[in-house]
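# Secondary and tertiary structure notes
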There are 4 protein chains.
Amino acid sequence: MTTDALREQVCALHAELLRWNLVTWTSGNISARVPDADLMVIKPSGVSYEDLTPEDMVVCDLDGTVVEGRHKPSSDTAAHAYVYRARPDVGGVVHTHSPYATAWAARGEAIPCAITAMADEFGGDIPVGPFALIGGDDIGKGLIATLDGHRSPAVLMRGHGVFTIGDSARAAVKAAVMCEDVARTVHLARENGPVERLPQEHIDALYDRYQNVYGQ
Amino acid sequence: MTTDALREQVCALHAELLRWNLVTWTSGNISARVPDADLMVIKPSGVSYEDLTPEDMVVCDLDGTVVEGRHKPSSDTAAHAYVYRARPDVGGVVHTHSPYATAWAARGEAIPCAITAMADEFGGDIPVGPFALIGGDDIGKGLIATLDGHRSPAVLMRGHGVFTIGDSARAAVKAAVMCEDVARTVHLARENGPVERLPQEHIDALYDRYQNVYGQ
Amino acid sequence: MTTDALREQVCALHAELLRWNLVTWTSGNISARVPDADLMVIKPSGVSYEDLTPEDMVVCDLDGTVVEGRHKPSSDTAAHAYVYRARPDVGGVVHTHSPYATAWAARGEAIPCAITAMADEFGGDIPVGPFALIGGDDIGKGLIATLDGHRSPAVLMRGHGVFTIGDSARAAVKAAVMCEDVARTVHLARENGPVERLPQEHIDALYDRYQNVYGQ
Amino acid sequence: MTTDALREQVCALHAELLRWNLVTWTSGNISARVPDADLMVIKPSGVSYEDLTPEDMVVCDLDGTVVEGRHKPSSDTAAHAYVYRARPDVGGVVHTHSPYATAWAARGEAIPCAITAMADEFGGDIPVGPFALIGGDDIGKGLIATLDGHRSPAVLMRGHGVFTIGDSARAAVKAAVMCEDVARTVHLARENGPVERLPQEHIDALYDRYQNVYGQ
């Protein structure tokens, strides 16, 4: 895929964040790795979703330095860049403050794998990463360390919000959308009584099936 | 109704799942029995709702084997098929992970018939079926066994989500929409204090009236 | 206003119920008194909101008998008719099962006047009327008896939903919309701690000002 | 900016209040200071958002007296005017009854700065101002006194709702949108367990960075 096609795709995917109520004002961002290049395409900082055009997207190298673009890149660029450097298998990264998932993050509590949809998509609990300040590599490091111990493509960064990864930007967006969905359902379940984690053997069977059988 | 007309109807009904916020990404599915044939029309697996066209719908026999269609059918096909085999009166089946209903399912708790709208539509509590793994006949069996003991056209499958039935796909969609609606209202009621079930005689009177007098 | 103009107005107002999320599927209804006639215009039973046209509206006398129209009137017609007979000052009636207000109704708990917006619109608590079965005059009687003791144009019918009145259908719709709004805010407030009613003198001052100064 | 351009801008910004679900019916209002003049542009009282046109906007002096316009100004005009008199740095004021923020206001409880998005935008807790009756200078006084002790451009007026300020009307709207967003997230977090305030040093670092580095 060319960089221009990727700009268009990443720009268009931001509409999904709005549509599924994951973002408010300018609060979330998506990036994609440019195939066969040490580059990524990422949202500009603080630009509203309606005004975003493919030309607004910023191309950075994997240290987060702007290579092409008329805007400053997302203030979360360093975290995205760190993930691409550490994980060559990752093609897309998404960051949001989606409300239900961020509520779990604010308490520093992992979302227990209590429903089959979570076993399907996340293969277990959605874990909590450390609190880390924005700007340097701290978020990226905490994120990668937390991802390494779990199947989940989503991590709740403590006191902050959600990061998700995928082999493409679209896959990372799907993970962000489903993370908020299950965060909400398990939140609602817990409001009116205790919720039990599914047995590990069922989680394993569901995850295996969904990853290998579901879809076209 | 011809199979083509049914493809169109089932395709269009998926927009109702989105509109009433019952589904996220590609997570729900609708099927309809083809009249006077051992066939059903069902959503393809993992196709997004905006991309769905009538031609994408899959025609299966009542063992779930594809008869016509360019896509794999929904991963929940076995459950739909089981229902049509077991219940000749059923013309449509809907499955969702709608958030409030699934929250009750996650706790394994039936929704008590605490409001007149529930008595009208469901004739009593919305019951909980067993936990069952996807793929074989377990979901279908648990679903039918649970439906048999209740008036409700909706069942909460434990740790999973909602299945509804109807004499048509549209009726099953209505049941899914109303199930989420009452799941939410009774959830909200319970958050701020105890809720009492309506007296059985009132439930019976309301159900009888609604089934026989309401509508055109 | 002619009956035809009223059909158009009542039909159009149903879109407000959808827009403010007060209704699901076909669950709410609006009526208006025909000026200078013992007649009312009301929604037909069980017709979906998108399909509603001014011609679908039903004209009934104040006993609820159809005078004009090709459809059966709303199953709540008897309650609307009772209100118009009992209260010559009422020009419009609205009934919904809006979720937050119905949650208070399910518990049989009045909404305490804890915020200025409630004092403005409702002049105090939103009271709870008795549980009553649909069809005859029981809902209407309970509604009128409850309205008589309060300033509020909204009543929560126990275990059922909301009825509101106004000098016009539009005013009754506004009351239904604001009832759900304050039901939600006070519900949310109560979820995280106790909430106090405003002092009566402040409620009186706010109500007086809003009824006499606000708007054009 | 001319008064006409400002009328257009203030009118258009009201659509953002609707879009982000901060207002119901006619319940919120926005004003902007006219640059280099002791004037402000404000919403008319009780006009619905769809019907608003730039010509409907009212121009008042900073005592709240109408200078130009065919409508009565917002019933909150005195509070807006007070803020412009007391704070020459303020270019825009917004008032809403957004549900989650108003829920905190109903309890008279400040929103603790528990997530990074709050530290970014508000630099600490969102404070609670006194209960005050509408009409005179009481709301304005309480608002200014509360703003003076905090970095937050948002104040929760006890038992009432939210006021936000900004150097422009757009900035005040952003503060109102983000106030509701964080009010919701921290509300949700608190529903399922205790939430801790971020350490002051992290709040300071995040606020400093966001105010000076974020955006274009």
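Let me sum up the structure you'll find in this document.

Calculation notes
- Residues numbered from 1 in each chain as written.
- Chains lettered and ligands numbered in written order.
- Predicted model: local features only at pLDDT ≥ 70, side-chain atom pairs only at ≥ 80, totals over all residues.
- Heavy atoms only, no water.
- Helix = DSSP H or I, 4+ residues; strand = E, 2+ residues; numbered from the N terminus.
- Rg over C-alpha atoms; globule rule 2.2 N^0.38 Å.
- Buried < 20%, exposed > 50% of the residue type's maximum accessible area, 1.4 Å probe, protein only.
- Contact = heavy atoms within 4.5 Å.
- Areas by Shrake-Rupley, 256 points an atom, 1.4 Å probe, with all protein chains shown as cover.
- Lys, Arg positive; Asp, Glu negative; His and termini not counted.
- Charge placed at Lys NZ, Arg CZ, Asp CG, Glu CD.
- Pairing = 2+ DSSP bridges.
- Axes fitted to C-alpha atoms, helices over the stretch in contact; angles between N-to-C directions.
- Polar contact = N/O pair within 3.5 Å; in protein donor to acceptor, adjacent residues only side chain to side chain.
- Buried area = accessible area lost by both parts, 1.4 Å probe.
- Nonpolar A, V, L, I, M, F, W, Y, C, P; charged D, E, K, R; others polar.
- Least-squares fit on C-alpha atoms with pLDDT ≥ 70 in both.
- Salt bridge = Lys/Arg side-chain N within 4 Å of Asp/Glu carboxyl O.
- Phe/Tyr/Trp six-rings, centres within 6.5 Å; stacked < 30°, edge-to-face > 60°.
- Lys NZ or Arg CZ within 6 Å of the ring centre and 35° of its normal.

### Thoughts on the overall build of chain A
When its secondary structure is counted, chain A shows 7 helices and 8 strands. Against the 2.2 N^0.38 benchmark of 17 Å for 216 residues, chain A shows a C-alpha radius of gyration of 17 Å, consistent with a compact globule. Along the first, second and third principal axes, the C-alpha atoms of chain A reach 50 × 35 × 30 Å. Counting across all 216 residues of chain A, residues that qualify as buried make up 64%. In chain A, once contacts between residues fewer than 6 apart in sequence are set aside, the share between residues at least 24 apart is 62%. Taken as a whole, chain A presents about 7,400 Å² of accessible surface, with 48% of it coming from carbon and sulfur. Averaging the locations of the 18 positively and 29 negatively charged side chains of chain A gives two centres separated by 3 Å.

### Observations concerning the sheet that holds strand β5 (residues 92–96) of chain C
Residues and elements named next belong to chain C. Ordered in space as β4-β3-β2-β1-β5-β8-β7-β6, the 8 strands form an open sheet in which the pairing is mixed. Two strands in the sheet have a free side with no partner beyond their single neighbour: β4 (66–68) and β6 (128–129). Of the pairings in the sheet, the one linking strand β1 (residues 29–34) to strand β2 (residues 39–42) comprises 4 bridges and is antiparallel in character. Looking at the pairing, Arg33 lines up with Met40 of β2. Across the face of the sheet, helix α3 (residues 99–107) comes into contact with β5, β7 (154–157) and β8 (161–166) while running at roughly 55° to β7. Helix α5 (residues 138–148) rests against β6, β7 and β8 of the sheet, and its axis sits at about 130° to β7.

### A look at the side chain of C:Asp56
Residues and elements named next belong to chain C. Considering the arrangement of structural elements, one finds Asp56 in the loop between β2 and β3 (58–61). Here His71 takes part through its side chain, which lies 3.0 Å from a polar atom of the side chain of Asp56. When residues no more than four places from it in sequence are discounted, the contact partners of Asp56 are Pro44, Asp51, Arg70 and His71.

### Let's talk about the interface of chain B and chain A
Counting residues at the interface gives 31 residues for chain B, matched by 31 residues for chain A. Of the roughly 2,800 Å² buried between chain B and chain A on both sides combined, carbon and sulfur atoms contribute 58%. When the buried area of chain B at its contact with chain A is split by residue, B:Thr24, B:Trp25 and B:Arg107 rank highest and sum to 26% of it. Where chain B meets chain A, there are 8 residue pairs in polar contact (both at pLDDT 80 or more). Breaking the side of chain B that touches chain A down by element, the ones donating at least two residues are α3 (99–107) and α6 (169–191) of chain B. Sort the elements by how many residues they give to the side of chain B that touches chain A and α3(B) lands first, with 6 residues. Split by residue class, the side of chain B that touches chain A holds 12 nonpolar, 13 polar and 6 charged.

### Looking at the relation of the copies chain B and chain A
Put simply, the second copy of the chain is the first one after a rotation about an axis and a shift along it. Superposing chain B onto chain A takes a rotation of 90° plus a shift of 0.0 Å along the axis, which leaves an RMSD of 0.0 Å. Taken together, the turn and the small shift mark the pair as related by a four-fold rotation axis. The rotation axis passes nearest to the C-alpha of B:Glu191 in chain B, at a distance of 5.0 Å. Here only 3% of the interface residues in chain B have copies in chain A that are interface residues too; the copies meet through unlike faces.

### Remarks on the relation of the copies chain C and chain B
It takes a turn of 90° to lay chain C on chain B, together with a shift of 0.0 Å along the axis; the resulting RMSD is 0.0 Å. Counting the interface residues of chain C, we find that no more than 3% of their copies in chain B are interface residues as well, pointing to two distinct contact surfaces.

### With respect to the sheet that holds strand β6 (residues 128–129) of chain D
Residue and element names in this part refer to chain D. Read across the open sheet, the 8 strands follow the order β4-β3-β2-β1-β5-β8-β7-β6; overall the sheet is mixed. In the strand order of this sheet, the two ends are held by β4 (66–68) and β6, each with one partner. The pairing of strand β7 (residues 154–157) with strand β8 (residues 161–166) spans 4 bridges and is antiparallel. For Met157, the partnering residue across the bridge sits in β8 and is Gly161.

### Quick look at unusual backbone geometry
Even without being a glycine, A:Trp25 presents a positive backbone phi close to 60°. Relative to the helices and strands, A:Trp25 is located in the loop between α1 (3–19) and β1 (29–34). With relative accessibility at 9%, the residue A:Trp25 sits in the buried group. Although it is not a glycine, C:Asp36 sits at a positive phi angle of roughly 60°. Relative to the helices and strands, C:Asp36 resides in the loop between β1 and β2. On the accessibility criterion, C:Asp36 (83% relative accessible area) is exposed.

### Quick word on the interface of chain C and chain B
Counting from both sides, the interface comprises 31 residues of chain C and, opposite them, 31 residues of chain B. Both sides of the chain C and chain B interface together cover about 2,800 Å² of buried area, and 58% of this is carbon and sulfur. Taken as a group, C:Thr24, C:Trp25 and C:Arg107 account for 26% of the area that chain C buries against chain B, more than any other trio of residues on that side. Counting across the interface, chain C meets chain B through 1 salt bridge. With a shortest N-O distance of 2.7 Å, B:Arg19 and C:Glu50 are connected by a salt bridge. Our count for the contact surface shared by chain C and chain B stands at 8 residue pairs in polar contact (both at pLDDT 80 or more). Broken down by secondary-structure element, the contributors of at least two residues to the side of chain C that touches chain B are α3 and α6 (169–191) of chain C.

### Observations concerning the packing of aromatic side chains
Scanning the entire structure with this criterion turns up 0 aromatic pairs over all chains. Over the ring of A:Trp104 we find A:Arg107; its NZ or CZ atom is 4.8 Å from the centre of that ring.

### Description of helix α5 (residues 138–148) of chain B
Of all the residues in α5(B), the buried ones are B:Ile139, B:Gly140, B:Gly142, B:Leu143, B:Ile144, B:Thr146 and B:Leu147. Those residues of α5(B) hidden inside the fold are in contact with α2 (77–86), β6 (128–129), β7 (154–157) and β8 (161–166) of chain B.

### Section: the environment of C:Ser152
Residue and element names in this part refer to chain C. Tracing the chain through its elements places Ser152 in the loop between α5 and β7. Spatially, the C-alpha atoms of Ser152 and Cys179 are 9.6 Å apart, while their sequence positions differ by 27 residues. Setting aside residues no more than four positions away along its own chain, Ser152 makes contact with Phe122, Asp125, Ile126, Pro127 and Leu147.

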